[in-house]
Amino acid sequence: MEKTVRVRFAPSPTGALHIGGVRTALFNYLFAKKHHGQFLIRIEDTDQTRFVPGAEEYILKALAWCGIIADESPAVGGPCAPYRQSERKAMYAQYAYRMIEEGNAYYAFDTEQELEEMRERLKAARVASPQYNAVTRMQMKNSLTLPEEEVKERLASGAPYVIRVKMPRKDEVRLNDLVRGWVVVHTSTLDDKVLLKSDGMPTYHLANVVDDYLMKITHVIRGEEWLPSAPLHVLLYKYLGWEAQMPQFAHLPLLLKPDGNGKLSKRDGDRLGFPVFPLNWQDPFKPEDNASGYKEAGYFPDAFINFLALLGWNPGTTQEIFSMQELIEAFSIERINKAGIKFDIDKARWYNQQYLKHKDEAELATYLLGELSKHKVECSVEKAQKIVRLMKERAVFLSDIWSEAQYLFFSPKDYDEKAAAKWSSEAASVLAEYAKDLSAHSGSIDAEKAKQLLHDRTEQMQIKIGKIMPALRLALTGRAAGPDLMDIIMLLGADEAASRIQAALLHLKVAV
RNA sequence: GCGCCGUUCGUCUAGGGGUUAGGACACCACCCUUUCACGGUGGUAACACGGGUUCGAUUCCCGUACGGCGUACCA
């Protein structure tokens, strides 16, 4: 009988949740749901110096916006509560002590300065890997080098210490990563990582292993930046006697900068003009860390998720559009790629456009109505729906609908320069007559009628209808492009259309 | 530096010992159209390099190059 799948997303509350973190959460979620297991959120706040107020709320809110809901979390609780490592502080030390008793860890008393000196010394001696390890630890101040009496005294006096893992000098650790296959590392290349810090808090390495064990995690799905320390974690499971319960590992490829080198960062977003976070973020300490989010940029959560899901994973078919449910059904770890992914915002835009196109018109109309009431403009639901139908096929974002629709409510203040340059006296003369036709018609007018009037007019004046269309658009909207003009006249009404033409005639006369 | 991981069109990717190397985004052209967009059709464009193994390698192995990550009492 297979164990119930239990996976976790374990962010640390140091700021906004990066898009890469969202993807990691998503893959965990998809995997859990696919196997009818549980997805939990655990807050890794063991570094109190990096704690940022509001970050945890942000993370939870961001995931909720994405539709990633946890079965267990600090917010909803669960059988393994608490889900904040700071609240689990008392649980970790015992495991570190156990490792000391069994000879797999030791106390270390070195000061920061002494550690610094050691690194300098090793660097000067051109040591290949300057670290606190099986050979260098014998020159440091720890329970392996100090007389037993002195160790006892130091501990009794309350002197600060850390607990470090005693990395074997000559051994091999192997782990079978679900994405990468067998990874073999020699312990001689690993160092004596700190397990328990001098403030009594565990480091990530200890906390994550202890909690994953206690929370019965079956699969650890996390970013590739953890791959180098995975062998240490494997060793910890062994030392703690939990080998049989050790979760399987899957290390995800990283999201990389669109250009240049390195991981995708906040700076890339600022520089290239796209969000790197799901939601807007206001940093309580550093205003320069404020960031814009996909939500506020007008992306739909389902489009955003769809886009993210196909970064480093693919279904093996040509299907591109997936609902969350479809993603759950299609997802498998075997189809996760190994190579890093250069981030491409164009694909995200395309996804958003696809989703916008298929959005319910009533929903879009509600949005438009909301924007309108913000600007104190009256508009009926029916009219809003008509507008939405017109605007949505050339929109990528929700906000495009509003910015495009504005000229239906406010007459143009200025005119597109390129289009204005093509303004001809010929078109102007037709338009002057057409405005009169519209005025004569007065009141509401349908697109058919508007077209009929224009048709008659151009016929009578013997001018091709195509010649004056751009001018008409310019007069009516101030723009060079947009939806069908007759529909626009219908929406505007005959009188408003006529007066806009008059205004344009006046305004653009100079430019002739 | 050292360790680990990676490398198919510009980007995301499918594929895998014998294929016209497939799809999507972006780009270009044409069609549709009053314009823009949508839509449709078509197009440009890729197996990093060098050695093996093999009848045959883009696919398997080894190097090299390039890239990524790690190398904290950060996660």
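Residues numbered from 1 in each chain as written. Chains lettered and ligands numbered in written order. Predicted model: local features only at pLDDT ≥ 70, side-chain atom pairs only at ≥ 80, totals over all residues. Heavy atoms only, no water.

## Section: the overall build of chain A
A tally of regular secondary structure across chain A gives 20 helices and 11 strands. Relative to a compact globule of 512 residues, whose C-alpha radius of gyration would be 24 Å, chain A shows 32 Å and is clearly more extended. In terms of principal-axis extent, the alpha carbons of chain A reach across some 110 × 55 × 35 Å. Within chain A, the proportion of its 512 residues that are buried is 50%. Once local pairs closer than 6 in sequence are excluded, the contacts in chain A between residues at least 24 apart make up 73%. Within the structure as shown, chain A displays about 24700 Å² of accessible surface, and the carbon and sulfur contribution to it stands at 51%. (Helix = DSSP H or I, 4+ residues; strand = E, 2+ residues; numbered from the N terminus. Rg over C-alpha atoms; globule rule 2.2 N^0.38 Å. Buried < 20%, exposed > 50% of the residue type's maximum accessible area, 1.4 Å probe, protein only. Contact = heavy atoms within 4.5 Å. Areas by Shrake-Rupley, 256 points an atom, 1.4 Å probe, with all protein chains shown as cover.)

## Quick word on the protein's contact with RNA strand B
RNA strand B sits among 56 residues. The nearest are Arg180, Asn261, Asn314, Arg394 and Asp484. Sugar and phosphate atoms represent 72% of those atoms of RNA strand B found within 4 Å of the protein. At 3.3 Å, a backbone N or O of Leu310 approaches a sugar or linking oxygen of RNA strand B. Where the surface near RNA strand B is concerned, the elements lending two or more residues are β4 (162-165), β6 (181-186), β11 (341-342), α11 (345-357) and α18 (465-477). Here the residues of the surface near RNA strand B sort into 19 nonpolar, 14 polar and 23 charged. (Near = heavy atom within 4 Å. Polar contact = N/O pair within 3.5 Å; in protein donor to acceptor, adjacent residues only side chain to side chain. Nonpolar A, V, L, I, M, F, W, Y, C, P; charged D, E, K, R; others polar.)

## What about the pairing of strand β9 (residues 248-252)?
Across the five residues of β9, four count as buried, placing the element largely inside the fold. Two elements, strand β8 (residues 219-223) and β9, share five bridges in a ladder whose sense is parallel. Bridged to Arg222 within β9 is His251. Each parallel crossover has a hand, and the one from β8 via helix α7 (residues 230-239) to β9 is right-handed. (Pairing = 2+ DSSP bridges. Right-handed = clockwise from strand over helix to strand, strands pointing away.)

## Details of helix α16 (residues 425-441)
With 17 residues, α16 extends 24 Å from end C-alpha to end C-alpha; this agrees with the ideal 24 Å at 1.5 Å per step. Listed as buried for α16 are Ala427, Ala428, Val430, Leu431, Tyr434, Ala435, Asp437 and Leu438. For α16, the elements touching its buried residues are α17 (447-461), α18, α19 (485-492) and α20 (494-508). Ser442 lies just past α16 and shows a positive phi near 40°. (Expected span 1.5 Å × (residues − 1).)

## Observations concerning the pairing of β6
With six bridges connecting them, strand β5 (residues 172-177) and β6 associate as antiparallel partners. Across the sheet, Asp177 pairs through a bridge with Gly181, a residue of β6. Where β5 folds back on β6, the antiparallel hairpin that results is connected by three residues.

## Looking at the confidence of the model for chain A
Overall, the prediction assigns chain A a mean pLDDT of 94, with 99% of residues at 70 or greater. Scoring the predicted complex yields pTM 0.94 and, for the interface, ipTM 0.96. (pLDDT = per-residue confidence, 0-100.)

## Considerations on the nonpolar core
Ile68, Tyr434, Leu438, Leu472, Ile489 and Ile501 are the most contacted members of the largest nonpolar core, which has 119 residues in total. With nine residues, the top contributor of residues to this core is helix α1 (residues 19-34). Look past the residues within four positions of Tyr434 in its chain and what remains in contact with it is Ala450, Leu453, Leu454, Arg457, Leu472, Met486, Ile489 and Ile501. Listed in part, the 41 residues of the second largest apolar core include Met99, Leu146, Val173 and Val185. (Core = buried A, V, L, I, M, F, W, Y, C linked by side-chain atoms within 4.5 Å.)

## Quick notes on the pattern of salt bridges
Evaluated as defined, the whole model comprises 32 salt bridges. Here Arg42 ties to Asp212 by a salt bridge, and the two come within 2.8 Å at their closest N and O atoms. Taken as a pair, Arg42 in the loop between β2 (38-41) and α2 (55-66) and Asp212 in helix α6 (residues 204-214) lie far apart in primary sequence, 170 residues in all. The closest approach of N and O atoms between Glu114 and Lys141, which form a salt bridge, is 2.5 Å. Linking Glu114 in helix α4 (residues 112-124) with Lys141 in the loop between α4 and α5 (148-156), this pair joins segments that are 27 residues apart in sequence. Given the relative accessible area of 21%, Glu114 is considered partly exposed. Bridged by salt links that share partners, the residues Arg8, Arg42, Glu44, Arg88, Asp211 and Asp212 form one connected network. (Salt bridge = Lys/Arg side-chain N within 4 Å of Asp/Glu carboxyl O.)

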